[in-house]
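An overview of the molecular structure
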Amino acid sequence: MHPADNVAIVANDGGLPAGTVLPGGLVLVDKVPQAHKVALQDIPEGGAVRRYNVAIGYALKPIAAGSWVHERLLQMPAARALAGLPMATSRPAPQEPLAGHTFEGYRNPDGSVGTRNILAITQTVQCVAGVTAYAVQRIKAELLPKYPNVDDVVALEHGYGCGVAIDAPDAVIPIRTLRNISLNPNFGGELMVVSLGCEKLQPERLLPPGSIPLVDERNVADVGASADAKLDVVCLQDAAHVGFMSMVDSILRQAEEHLERLNARRRETVPASELVVGVQCGGSDAFSGVTANPAVGFCTDLLVRAGATVMFSEVTEVRDGIDQLTARAATPEVAQALVEQMAWYDAYLARGHADRSANTTPGNKQGGLSNIVEKAMGSIVKSGSAPICGVVPPGAKAMQKGLLYAATPASDFICGTLQLAAGMNLHVFTTGRGTPYGLAACPVIKVATRTDLARRWHDLMDVNAGRIADGEATIEELGWELFRLMLDVASGRKQTWAEHWKLHNALVLFNPAPVT
Ligand code: CA
């Protein structure tokens, strides 16, 4: 990955046997599995093992050139302290704007653009999930066929809303996450809420008057001179409801009003700058940082040049590269905001007697990633090379264009949920081990890091970045391919495999506050 590295990874399918002579004459001492590291030179005990030009660990005993370098041979470095970091010190040369790229999207009343036209049903509390799911089944069977321009009906199910310390300081995170997801651009500003009645998270607390978009005059309440949007709530404990069917009918009746308005919308040509892309990885391997993430990073640069918003996330997967990120921050204020998010998360993990090393999985290690430092170096690459111009706290909405750091846990579902809240209208997900991940609210383009995975999961992976390791495509070529695919998917001209099979993972809220 870098001329100063003293390890490299074996790219060959199935790995390489001991005795293999590598180009350059190095002979393998051990059998080295695919994606695993081989020492390019003798490394003394205590010596740094360098990959991505970073010490990913220190040798616990002498390692001979040609040996398999696995995690049991490495001592993990301590996390970089958050004091004395380079703050907005690197000044990347401004990249040339990329003009002329468009997609067909749904322009919303608030100016944002959807890539899909979906009716979302917000829920204040988990108690109503069963009733809402029942109603959604009927909406899909009985109403949706009458509204062909509407792509889907999605119940925003979650576990929050009651039995929680709703006034604890950190409760702001799950509450604003739910609020902002309801306002995701793919839902067209059509807010519809199902509430139980007695829950802690009351509808007006979830969606206070100022947060409700004015879709048209029909949802504007007449309150003197000020036009205030009225929240459309079906409350199950409402005395008017007698029997379950009364609740279901009420949800169907309300849904139909929103479906009518959504159905009248049409796609229009909009600039690529209206994309709000969330990138993340899951089931990573040692190829992630070699193939898929560099291609996504190249594409991130293209999107930023086109004026779009790109969010990268996953605190524990950037924590070890925080010095790279603070240096790349556009301003000292952005660098400071990055440090604050890292410090908050360090404290959050410490509270649970854990640290960032809790991140790596058995599959990561089988895939050649020795520890979180190595994983993080490969993960950061998704962010490309543009200056980081803003930081989005967990559950908050992204308010600017350019490259943003959206602070989230690395958990695929929590990260995706928080990126949806930030306003994501297109998701790019890289994987080495393979995951069928998908979201109901937003298209997810999945990028495989290895050809072997892309071949076996041919009807789940949208892009094969393994072609980079195979020598069949360059990072630049794959980055451009992904960019064009994103415009096609955003326009509805192409479906992702997860959309095709309707593979939808749950929304999972990040709730660092206590439950009661
Ligand atoms: Ca993840």
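Computed from a predicted structure; not experimentally measured.

**Let's talk about the environment of L420**
Its place among the elements puts L420 in helix α10 (residues 412–421). Between the C-alpha atoms of L420 and L119, which are 301 residues apart in sequence, the distance is 15 Å. Beyond its immediate stretch of four places on either side in the chain, L420 contacts N180, I181, N184, L439, A441, C442 and L507.

**Some points on the domain arrangement of the protein chain**
Segmentation of the protein chain into domains returns domain 1 (1–75), domain 2 (118–264) and domain 3 (277–501). The distance between the C-alpha centroids of domain 2 and domain 3 comes to 30 Å. Each partner contributes to the interface: domain 2 provides 12 residues, whereas domain 3 provides 18 residues. Interface area, domain 2 with domain 3, both sides summed: about 1,200 Å², of which 56% is carbon and sulfur. One can count one salt bridge joining domain 2 with domain 3. The residue D170 makes a salt bridge to R351 at a minimum N-O spacing of 3.8 Å. Taken together, the links from domain 2 to domain 3 amount to five residue pairs in polar contact (both at pLDDT 80 or more). Looking at the side of domain 2 that touches domain 3, the element that brings in the most residues is helix α2 (residues 172–182), giving five residues. Split into classes, the residues belonging to the side of domain 2 that touches domain 3 amount to six nonpolar, four polar and two charged.

**Remarks on the sheet that holds strand β10 (residues 152–156)**
Read from one edge to the other, the open sheet built from four strands follows the order β10-β9-β11-β14, with strand pairing classed as parallel. Of all strands in the sheet, those bounded by a partner on one side alone are β10 and β14 (233–235). Each strand of the sheet is rotated relative to its neighbour by a mean of 20°, with strand direction disregarded. Of the pairings in the sheet, the one linking strand β9 (residues 118–123) to β10 comprises five bridges and is parallel in character. By the bridge assignment for β10, I118 is matched with D152. Across the face of the sheet, helix α1 (residues 129–143) comes into contact with β9, β10 and β11 (193–195) while running at roughly 180° to β10. Helix-sheet contacts for helix α4 (residues 244–263) involve β9, β10, β11 and β14, and the interaxial angle to β9 is about 140°.

**Some points on the coordination of the calcium ion**
Distances from the calcium ion to its protein donors, Q280 (OE1), C281 (O), E314 (OE), A410 (O) and D412 (OD), fall at 2.3 to 2.5 Å. Counting the intervening residues between successive donors of the calcium ion yields the motif Q-C-x32-E-x95-A-x1-D.

**Structural notes on unusual backbone geometry**
Of note, A35 is a non-glycine position whose phi angle comes to about 75°, a positive value. For A35, the position within the fold is in the loop between β1 (7–9) and β2 (37–39). At A88, a residue that is not glycine, the phi angle is positive and equals roughly 55°. Its location among the elements puts A88 in the loop between β6 (74–75) and β7 (102–107). Look at A88 and you get buried, because its relative accessible area is 5%.

**Section: the nonpolar core**
Counting residues in each nonpolar core, the largest one holds 58 residues, and the members touching the most others are L275, L303, Y405, L482 and M486. When residues in this core are grouped by element, the largest group, eight residues, is from helix α13 (residues 475–490). For M486, the residues in contact, after removing those within four places along its chain, are V277, C299, L303, L426, V428 and I445. L143, L196, V234 and I251 belong to the second largest nonpolar core, which has 25 residues in total.

**Observations regarding helix α5 (residues 292–305)**
Each full turn of the α-helix corresponds to 3.6 residues, which orients residues three or four apart in the same direction. End to end, α5 covers 20 Å across 14 residues, agreeing with the expected 20 Å (1.5 Å per residue, within 8%). The buried fraction of α5 is high, at 11 of 14 residues. For α5, the full list of buried residues reads A292, N293, P294, A295, V296, G297, C299, T300, D301, L302 and L303. A positive phi of about 90° marks G307, the residue just after α5.

**Some details on the pattern of salt bridges**
All chains considered together, the criterion is met by 24 salt bridges. Across the salt bridge formed by K146 and E256, the nearest N and O atoms sit 2.8 Å from each other. Highlighted residues: K146 in the loop between α1 and β10 and E256 in helix α4, separated in sequence by 110 residues. For D452, the salt bridge identified is with R450, shortest N-O distance 3.6 Å. On the accessibility criterion, D452 (16% relative accessible area) is buried. For R450, a relative accessible area of 9% translates into the label buried.

Calculation criteria
- Residues numbered from 1 in each chain as written.
- Predicted model: local features only at pLDDT ≥ 70, side-chain atom pairs only at ≥ 80, totals over all residues.
- Heavy atoms only, no water.
- Helix = DSSP H or I, 4+ residues; strand = E, 2+ residues; numbered from the N terminus.
- Contact = heavy atoms within 4.5 Å.
- Domains from an automatic or database assignment.
- Buried area = accessible area lost by both parts, 1.4 Å probe.
- Salt bridge = Lys/Arg side-chain N within 4 Å of Asp/Glu carboxyl O.
- Polar contact = N/O pair within 3.5 Å; in protein donor to acceptor, adjacent residues only side chain to side chain.
- Nonpolar A, V, L, I, M, F, W, Y, C, P; charged D, E, K, R; others polar.
- Pairing = 2+ DSSP bridges.
- Axes fitted to C-alpha atoms, helices over the stretch in contact; angles between N-to-C directions.
- Donors = N, O, S within 2.8 Å, 3.2 Å for Na, K, Ca; no water.
- Buried < 20%, exposed > 50% of the residue type's maximum accessible area, 1.4 Å probe, protein only.
- Core = buried A, V, L, I, M, F, W, Y, C linked by side-chain atoms within 4.5 Å.
- Expected span 1.5 Å × (residues − 1).

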